[in-house]
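# A look at the structure
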Amino acid sequence: MAETRTISIDPVNRIEGHLKVEVVVDGGEVKEARCSGQLFRGFELMLLGRDPRDAALLVQRVCGVCPIAHATASALSLDDAFGLEGIPENGRLMRNLIFGSNFIQSHVLHFYHLAALDYVDVTAAADYRGADNRLASLKAFLQGGEAAPYLPRYEGDYRLSKAANRQAASHYVEALEARRIAHEMCAIFGGKMPHQVGIVVGGCTETPTADKIAAFLSKLEWLRRFVDNVYLPDVLGVAEAYPDYFAIGAGPKRWFSYGGLDLETKTRDPLKRKRFFPSGIVAADLKLGPMEAEQIVEYVKHSWYDNATSGRKPSEADTAPAPEKPSGYSWIKAPRYAGEPYEVGPLARTLVAYAAGEKTVKREVNALLRKFKAQPEALFSVLGRHAARALEARRLVEAMAGWALELKPGEPVCDWREAPESGAGMGVTEAPRGGVGHWCEIANHKLSRYQLVVPTTWNASPKDDDGKPGPIEQALIGTKVKDAENPFELVRIVRSFDPCLACSVHMLTPKGREIAVCRAT
Amino acid sequence: MAKGEKVKEHPAIWFQASACSGCVVAALNGVAPTIRDLIVDQLAPGHHVSLRFQPTIMAGSGKLALEVLAATEESKDGYLLIVDGALPTGANGLYGRAAGRIAESTMYRRALELAEKATAIVAMGTCAAYGGMHAARPNPTGCISVSEALAKAGIVRPVVNVAGCPPHPDWFTGVVGQALLFGWPTADQVDAAGRPKRFFGRLLHDLCPRRGEFEAHKFAKAIGEPGCLYELGCKGPWTHADCPEREFNSGTNWCVKAGSPCHGCVEPFFPDVASPIYRKISLPELPKLARDGAAGPLRAIMRPQPVEEK
């Protein structure tokens, strides 16, 4: 196959949001790749002029899959701007429990409901004769002749045995319940999900009581069994059947983590706080470096924004949409760290923690590598990302059980205050799919500036001004595509990043318009 | 329904516009019926919803997905169209690009094409229903609601607004279930804001378990304190929804129960009139704010019913 051809996948479904991927294939190998965010919203401008406290609630609407990541980053930036020297312990713990539960929800949703259909053949349930009611349901469904939304699909490369396909299909249905239960856990301390209401500047709104703690722990135990007995084994099962995906989709081989889930809040700078996920940067040599937020610059040469705004720090961003700019091909900007594209997400967190020498992470990762007789490089791959996600879910389940028991009924939950006259704050944390940062400024008791740099802006970014492709683009380039009509390799690579497009395209701070929208209400 | 009897298939298309996917995730959280009932099993006995196009969960991508969409669009059987998200009209719709039938198109254009041929339309969530967060001041992308877009284009199709940011899954499955079992809601079954009265017919304030504390003037002054949240900006007195009775996430909790004031997310005035969220809105202010916040015709017909301040 020596011909050159373009494969365009639009829309890429089973991700969050609107993504188009285009690759040029020559001799069966991807030579060029373009990742294109299709939607622009302008969230930051919508926050200007509002009561700063509203930000943590409203900004969640950036993303319905990980709203808590935005509520948390926003609340952290507001804590900072309000000058709070720490928040009540109950507030810190409830934030972590709401957030941790959504990590599990998001990871389970991602593996089963977004990614698994690339590996699992659900039609294996069509001639099932057994007692599993989930498979019986699927069988009746498939026999009904209306197989949407599970067919049509790419055909060919499904490698699991019939029994394994059936078991995974049954788990797909069970996982719907697992993620629902994880959301119930969010709601216990956060009121509802999606778009919880519990996380506010200064702490949380809910009051912990013994019955809520017991309910949370009961659901957590159900999830622990699911993660240990279903999720982790299924990820390993897929890895065994598709071992070549340990060598596909590496990306830029640079990763960072802001760190996330506070273990204390007295340290003002979130990058220096003691956190469940450590902060740092790491490359293929797995040597840990410090994460410095001032190294972040955003480029727009290949994005639909005015070129004059390229090369600025997020805190100085000044974005003007140019929807028909010829050199543009995405609504996503191209953030770079010290001039280089970086991958963020569960793999980044895992590698940073590994490089930082965290014992549990080292033990789990080394066990995984031994099982597959692999070197650490095998982690820089499609399967490395799935495995990192599953191992992280297990660590979170363990940690949350301890955090829930640290809650103290009757103690304060929130340090609630009026907004200061002026202030500025940075809130950086880790969303399920990677590092998320919010920067706010307050003037005259109102928000005068608000900026977000979110995970998929890193991962799904287009080329920067130097022509360096973004992480997903790099992960695609060099990939061998066996069947251009059924390009499994491409969608498996893209989905391994768990892209969240709604998050990544939201920027807008047109020059000179702030005054017009900062009117008092 | 006994096994083996003919199940009626109801084709459906879920079109996502300028949205956050929260409405899709909310739909996954249903308990009775569950999402499994909705997709795999029967939503109501003898009735199966054939979800032909749903970008977040469907197996196929690109061409495969668009072919299914086109086939459903062309089919004589009709389809239920579910739209989540508002429709961006700014920059000729280019703020929201979408794969078209032939060339690249926009969300706005595609939504109208799909709406024109739909049997009926569910505007899922406050953004689709009224513009919502995506049309928040200063509405940078010119987002409008589904009803407003239809009115502009002169397209007349039955629309029900399943409001909420995001809606309770029962509100969604309740509307779809009713359509399958008893037919599309009649005019007297929806309120002035296009919502089914079954779920949105009563004032949240009248259903609130903290109403006694309101009457007794026991008000919380800071987050974390016991008492009615009216002084902390609760919009319950202007919000129509059965949240207190239904509760979210399998009946686990809801905003006021969790110590957070209602922010009126089911109302056409969300979020602009609803913010400042944590500040009491004085009663004479509200109609003015509702007018100033108007981003669509439904905002104009919104008639908030202020309660007497004691």
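Residues numbered from 1 in each chain as written. Chains lettered and ligands numbered in written order. Predicted model: local features only at pLDDT ≥ 70, side-chain atom pairs only at ≥ 80, totals over all residues.

All names here are of chain A. Packing of helix 4 (residues 89-115) against helix 7 (residues 210-241) brings their axes to within 12 Å, and their N-to-C directions diverge by 30°. Relative to helix 7, the element helix 4 is oriented roughly parallel. The element helix 4 and its partner helix 7 pack so that their crossing is left-handed. Across from Leu 97, Ile 104, Val 108 and Phe 111 in helix 4, the residues of helix 7 making contact are Phe 216, Leu 223, Tyr 231 and Val 235. A per-class count over the contact of helix 4 with helix 7 returns eight nonpolar, no polar and no charged. (Axes fitted to C-alpha atoms, helices over the stretch in contact; angles between N-to-C directions. Helix = DSSP H or I, 4+ residues; strand = E, 2+ residues; numbered from the N terminus. Parallel < 35°, antiparallel > 145°, perpendicular 65-115°, else oblique. Left-handed = near helix turned anticlockwise from the far one by under 90°. Contact = placed C-beta atoms within 7 Å. Nonpolar A, V, L, I, M, F, W, Y, C, P; charged D, E, K, R; others polar.)

Quick look at the sheet that holds strand 3 (residues 29-37) of chain A now. All names here are of chain A. Overall, antiparallel pairing links the three strands, which are arranged 1-2-3 in an open sheet. The open sheet has two edge strands, strand 1 (4-9) and strand 3, and neither has a second partner. If you compare each strand with its neighbour and ignore which way they point, the axes differ by 15° on average. As defined by bridge partners, strand 1 adjoins strand 2 (residues 19-26) across six bridges and the pair is classed as antiparallel. Among the inter-strand pairings, Arg 5 is bridged to a residue of strand 2, identified as Val 25. (Pairing = 2+ DSSP bridges.)

With that out of the way, let us pick up unusual backbone geometry. Cis geometry is found at the peptide bond from A:Leu151 to A:Pro152, where omega equals -5°. With respect to the element layout, A:Pro152 can be found in the loop between helix 5 (133-143) and helix 6 (162-190). B:Pro33 follows B:Ala32 through a cis peptide bond whose omega is 0°. Tracing the backbone shows B:Pro33 in the loop between helix 1 (22-28) and helix 2 (35-39). The phi dihedral of A:Leu261 falls on the positive side, at around 65°, and the residue is not glycine. On the secondary structure map, A:Leu261 appears in strand 7 (residues 260-262).

Residue and element names in this part refer to chain B. Along its sequence, chain B is carved into domain 1 (8-198) and domain 2 (202-310). Its C-alpha centre places domain 1 at a distance of 27 Å from the equivalent point of domain 2. On the side of domain 2, 19 residues touch domain 1, which itself brings 25 residues to the contact. Within the residue set of the side of domain 1 that touches domain 2, elements represented by two or more residues are helix 5 (125-130) and helix 6 (146-153). (Domains from an automatic or database assignment.)

On to the packing of helix 6 of chain A against helix 7 of chain A, then. Residue and element names in this part refer to chain A. Running from N to C, helix 6 and helix 7 point in directions that differ by 155°, and their axes come no closer than 9 Å. With respect to each other, helix 6 and helix 7 are oriented roughly antiparallel. Regarding helix 6 and helix 7, the two cross each other, and that crossing is left-handed. The residues of helix 7 that touch helix 6, namely those facing Ala 164, Ala 168, His 171, Glu 174, Ala 178, Ile 181, Ala 182, Glu 184, Met 185 and Ile 188, are Lys 212, Ala 215, Phe 216, Lys 219, Leu 220, Trp 222, Leu 223, Phe 226, Val 230, Asp 234 and Gly 237. Of the residues in the contact of helix 6 with helix 7, the class split is 14 nonpolar, two polar and five charged.

Let us look at the interface of chain B and chain A. Quoted interface sizes are often the accessible area lost when the parts come together. Tallying the contact residues gives 68 residues for chain B and 72 residues for chain A. Going through the elements one at a time, helix 1, helix 2, strand 2 (47-53), helix 3 (62-74) and strand 5 (97-99) of chain B are the ones with two or more residues in the side of chain B that touches chain A. For the side of chain B that touches chain A, the element with the most residues is helix 1 of chain B, which contributes five residues. The class makeup of the residues in the side of chain B that touches chain A is 38 nonpolar, 23 polar and seven charged.

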